[in-house]
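These are the residues of each chain, in order.
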Amino acid sequence: MTKVLDVEIAGIKLRNPLMLASGVVGSNPLLYRRAWEEGAGAIVTKTFTVEKREGNISPIIIGVPCGYINAVGLENPGIEYIEKVVRFLKSNNIATIVSIAGRTIDEFLRLALKSRDCGADAIELNLSCPHVRGMGMELGHDGTFVVKLIRSIKEEVDIPIFPKFGYSPRLTNLLKLAEIAGADGVVIINTIRSMRIDVWIHKPVLSNKYGGLSGPAIHPIAVSCVYEAYEVLDIPIIASGGAWSWEDVIEFILAGARAVQIGSIIGEKGLNVFREILQGIERYLKENNLSHINRLVGLAHIDD
């Protein structure tokens, strides 16, 4: 891997702009390391909550022509497992971002402090899960809560924090509030609330009824959100949403992202998709006589 792909986000130096998205491979540290070995520039862990969560009962994920709908329900082993994951990853010199979610500011703060104390490089605040009531999307749509949460964590935690937001008509306003409150960067977007109904039994397919749509269907929406965010923010943007190829990653970067999370495509191609995407990006840079990936950031905003 060449130096043309290294990036820096909120003081964190990454070997390339690709991140393993939260939740894609569960909370298994060995799979995190495998993603790193296949080329990921950083690992975002499964979202951790204070208490262990069993998640929703099956069926929790279905394939659709344009991607997947999932309602895992934030299944995770709880706060005490953070130490095992982070210490394992850092012992392998892996850039580690811990994803956390809570129902209250106190829960978020406990999780953030635990992540910092274990040696995490940064924290992702999951403010956008579309299928767990009282935890996620509702909090991320509440500007007052977002500001209080970020300020509370920044007062206690000295590593970067990246709130992750879902799609909202008010997204740019929420992102600006997050920046003013002290966020070191933002992640946009999460999966989009969705549903499938079985026409033969006349009932929703997922046990939770609602799930989160990921994959190619949401990619143009995510690109639009990144593009709009870049025009109002000074902090870095981490893109997420339907990146299915190296072209999709380049598109996000042209829109203004400094890093891109890779998620659902892993279900199609496996973890070696990181290597495939990186090779495509390197070829693109060479063919266009570009000395570094950073030269592409926000380039779609520059007038001819």
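Quick note: structure is the one above.
Residues numbered from 1 in each chain as written. Predicted model: local features only at pLDDT ≥ 70, side-chain atom pairs only at ≥ 80, totals over all residues. Heavy atoms only, no water.

**Notes on the overall build of the protein**
1) Next: Within the protein, the regular secondary structure consists of 10 helices and 16 strands.
2) Next: Taken over the C-alpha trace, the protein has a radius of gyration of 18 Å; the compact-globule value for 304 residues is 19 Å, and the two agree within 12%.
3) Next: Across the 304 residues of the protein, 54% fall into the buried class.
4) Next: Here the protein displays about 13300 Å² of accessible surface, and carbon together with sulfur accounts for 50% of that area.
5) Next: Taken together, the 32 basic and 34 acidic charged side chains of the protein have centroids lying 4 Å from each other. (Helix = DSSP H or I, 4+ residues; strand = E, 2+ residues; numbered from the N terminus. Rg over C-alpha atoms; globule rule 2.2 N^0.38 Å. Buried < 20%, exposed > 50% of the residue type's maximum accessible area, 1.4 Å probe, protein only. Areas by Shrake-Rupley, 256 points an atom, 1.4 Å probe, with all protein chains shown as cover. Lys, Arg positive; Asp, Glu negative; His and termini not counted. Charge placed at Lys NZ, Arg CZ, Asp CG, Glu CD.)

**Things to note about the environment of P17**
1) Next: Assignment of secondary structure puts P17 in the loop between β2 (12–14) and β3 (18–20).
2) Next: Sequence separation between P17 and I238 is 221 residues; the distance between their C-alpha atoms is 8.9 Å.
3) Next: Contact partners of P17, with chain neighbours within four places excluded, come to L5, V7, I253, R258, A259, V260 and I293. (Contact = heavy atoms within 4.5 Å.)

**A few points about unusual backbone geometry**
1) Next: A cis amide bond links S58 to the next residue, P59, at an omega of 0°.
2) Next: With respect to the secondary-structure elements, P59 resides in the loop between β4 (42–44) and β5 (61–64).
3) Next: Here the residue pair I188 and I189 is connected by a cis peptide bond, since its omega of 0° sits within 30 degrees of zero.
4) Next: Assignment of secondary structure puts I189 in the loop between β10 (186–188) and β11 (192–194).

**Considering the nonpolar core**
1) Next: Counting residues in hydrophobic clusters, the biggest one holds 93 residues, and the most contacted among them are L125, F165 and I262.
2) Next: When neighbours within four sequence positions are excluded, L125 is seen to be in contact with I100, F108, L149, I150, I153, I161, F162, P163 and K164.
3) Next: Counting seven residues, the second-largest nonpolar core is a separate cluster that includes A71, L206, L213 and I218. (Core = buried A, V, L, I, M, F, W, Y, C linked by side-chain atoms within 4.5 Å.)

**Some points on the sheet that holds β3**
1) Next: Pairing in this closed barrel of eight strands is parallel, and the strands run β3-β4-β7-β8-β9-β10-β15-β16 around the ring. With strand direction ignored, the average angle separating the axes of adjacent strands in the sheet is 25°.
2) Next: In the sheet, β3 pairs with strand β16 (residues 259–262) via three bridges, with the strands oriented parallel. Its bridge partner lying in β16, L20 is registered against I262.
3) Next: Taken strand by strand, helix α2 (residues 81–91) contacts β4 and β7 (96–100), and its axis lies near 165° from that of β7.
4) Next: Across the face of the sheet, helix α3 (residues 105–118) comes into contact with β7 and β8 (122–126) while running at roughly 165° to β7. (Pairing = 2+ DSSP bridges. Axes fitted to C-alpha atoms, helices over the stretch in contact; angles between N-to-C directions.)

**Let's talk about α2**
1) Next: By the burial criterion, the buried members of α2 are I82, V85, V86 and L89. Seen end-on, α2 carries its buried residues on one side only, within an arc spanning 90°. The exposed set on the far side of α2, more than 90 degrees from its buried face, consists of K84 and S91.
2) Next: Check the buried side of α2 and you find it contacts α1 (29–37), β4, β7 and α3. (Arc of directions from axis to C-beta.)

**Points about the packing of aromatic side chains**
1) Next: A complete count under the given rule lists three aromatic pairs for this structure.
2) Next: The ring of W36 is capped by R15, whose NZ or CZ atom sits 3.7 Å from the centre of that ring.
3) Next: Just above the ring of Y210 sits the side chain of R193; from NZ or CZ to the centre is 3.9 Å. (Phe/Tyr/Trp six-rings, centres within 6.5 Å; stacked < 30°, edge-to-face > 60°. Lys NZ or Arg CZ within 6 Å of the ring centre and 35° of its normal.)

**Here's the deal with the side chain of H219**
1) Next: As for its position among the elements, H219 is in helix α7 (residues 219–230).
2) Next: H219 gets classed as buried once you look at its relative accessible area, which sits at 6%.

**Notes on the pattern of salt bridges**
1) Next: Enumeration according to the criterion identifies 12 salt bridges in this entry.
2) Next: Put simply, K114 and E80 hold a salt bridge, and the shortest N to O gap is 3.4 Å. Here the residue K114 occupies a position in helix α3, and E80 occupies one in the loop between β6 (67–70) and α2, the gap between them amounting to 34 residues.
3) Next: Judged by relative accessible area, E80 falls into the exposed class, the value being 58%.
4) Next: With a closest N to O distance of 3.8 Å, E83 and K114 form a salt bridge. (Salt bridge = Lys/Arg side-chain N within 4 Å of Asp/Glu carboxyl O.)

**As for helix α10 (residues 273–287)**
1) Next: The terminal C-alpha atoms of α10 lie 21 Å apart, and with 15 residues this matches the ideal 21 Å at 1.5 Å per residue to within 8%.
2) Next: Those residues of α10 lying buried are V273, F274, I277, L278, G280, I281 and L285. The buried side chains of α10 occupy one side of the element, clustering within an arc of 160° when seen end-on. Projecting away from the buried face of α10 at angles above 90 degrees are the exposed residues K286 and E287.
3) Next: Contacts made by the buried residues of α10 are with β3, α1, α8 (246–255), β16 and α9 (265–269).
4) Next: Positive backbone phi, at 55°, marks N289, one or two positions downstream of α10. (Expected span 1.5 Å × (residues − 1).)

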